[in-house]
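Residues per chain are reported as follows:
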Amino acid sequence: MSNTPRLQAVEETRKKAAEADRVVVKAGTNSLTDSSSNVDDEKLEKLVGDIMDLRSRGKEIILVSSGAIGAGKGRVDQPAETVEDMQAVSTVGQSHLMRRYTESFERYDQKIAQILLSQEDLVDSDRFSNFRNSVETLLEWGVVPIINENDAIAIEEIKIGDNDMISASVAVGVEADLLVTLTDVGGVYTGNPKEDPEAKKIEAVGRNYAEVQEIVEASSSAEFGGIRTKVQGAREVNEHGIPAIIAESTEPDILEKIVSGESVGTIFIPVNGASSTTDGDANE
Ligand code: GLU
């Protein structure tokens, strides 16, 4: 990689991430369900514990959680093949997932809320501003909002697509200080790490974005919500001055490590620099 980001820009971004007051955390289906499409209690409890590490430091957390369809499939004794089946399945999974979140957060006396979004809510300014007001109020009350796409009413053509884009739009909309995307791989690699043992982790993305994009395009499978959309989402928030990190959901104390300034996953440097004291990473 010829355009590796400057060390200073990486370090400043890491510091900014560590100091973030308002954090959007995105957890994918694989980080919440098992291979037979049921909620994986161990994974969910770990995620909740990781989030509570940040809550105990007084940080505001917004969780964007997938898993409605993933968790629903294991609960309905029906073949879920058509779009209509998936829409219905998502409602079963979503309510079950929320029940498990409620129980798990209760161990810490932490209240949570559910918000389901559709495409219109992101593009219509009145609807988006209502959404933002609700989130602000919940955060003021110390509640953790848990957001997902409203899969029951989103037909294929109007689907937002995946929660990687939702989490980026939410992070920008609520002026978060950091977006953390948790996945079952540890960040962005020079190849698909599930297939290529030689693939190396890319520590930081900034002025090397075009190169990274090419690598990701070439190594991504068509897999829904693969690394490509995670990279796009991270870059989108970078363009609004927000740092992003793609990291491994199974890594112990992953969120705690991020707010302690440790180097984990792949960090994305805001486009206009990590601070006003430098010209940033001179991305373009
Ligand atoms: N909204 C979908 C679900 O909860 C998942 C979308 C995604 O994986 O990004 O099942």
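Please refer to the structure higher up on the page.
Engineer: So what about the overall build of the protein? Which residues, and what values?
Structural biologist: Assigned secondary structure in the protein consists of 10 helices and 10 strands. A compact globule built from 284 residues should have a C-alpha radius of gyration of about 19 Å, and the protein, at 18 Å, falls within 12% of that. The dimensions of the protein, computed from C-alpha atoms along their principal axes, are 55 × 45 × 40 Å. Counting across all 284 residues of the protein, residues that qualify as buried make up 53%. In the protein, of all internal contacts separated by at least 6 residues, the share reaching a separation of at least 24 is 75%.

Engineer: Please provide a residue-by-residue account of the site of the ligand, values included.
Structural biologist: Residues in close proximity to the ligand total 10 residues, the closest being Ala68, Ile69, Asn148, Asp151 and Asn163. Backbone polar atom of alanine 68 to an oxygen atom of the ligand: 2.9 Å apart, as the coordinates give it. Between the ligand and aspartate 151, the relevant distance is 2.8 Å, taken from a nitrogen atom to a side-chain nitrogen or oxygen of the residue. Here the ligand has 300 Å² of accessible area as a free molecule, and 92% of this is covered by the chains.

Engineer: Run through the pairing of strand β1 (residues 22-27), naming residues and quoting values.
Structural biologist: Taking burial as the measure, the six residues of β1 include six buried ones, the bulk of the element. Where burial is concerned, the two faces of β1 agree: the one with Arg22, Val24 and Lys26 and the one with Val23, Val25 and Ala27 are both buried. Traced from β1 through helix α2 (residues 41-55) to strand β2 (residues 60-65), the parallel crossover comes out right-handed.

Engineer: Which residues make up the side chain of threonine 13, and what are the values?
Structural biologist: Within the secondary structure, threonine 13 is located in helix α1 (residues 7-19). According to the relative accessible area criterion, threonine 13 is buried, its value standing at 0%.

Thresholds applied
Residues numbered from 1 in each chain as written. Predicted model: local features only at pLDDT ≥ 70, side-chain atom pairs only at ≥ 80, totals over all residues. Heavy atoms only, no water. Helix = DSSP H or I, 4+ residues; strand = E, 2+ residues; numbered from the N terminus. Rg over C-alpha atoms; globule rule 2.2 N^0.38 Å. Buried < 20%, exposed > 50% of the residue type's maximum accessible area, 1.4 Å probe, protein only. Contact = heavy atoms within 4.5 Å. Near = heavy atom within 4 Å. Polar contact = N/O pair within 3.5 Å; in protein donor to acceptor, adjacent residues only side chain to side chain. Areas by Shrake-Rupley, 256 points an atom, 1.4 Å probe, with all protein chains shown as cover. Right-handed = clockwise from strand over helix to strand, strands pointing away.

Remember that the coordinates give geometry; whether it matters functionally is a separate question.
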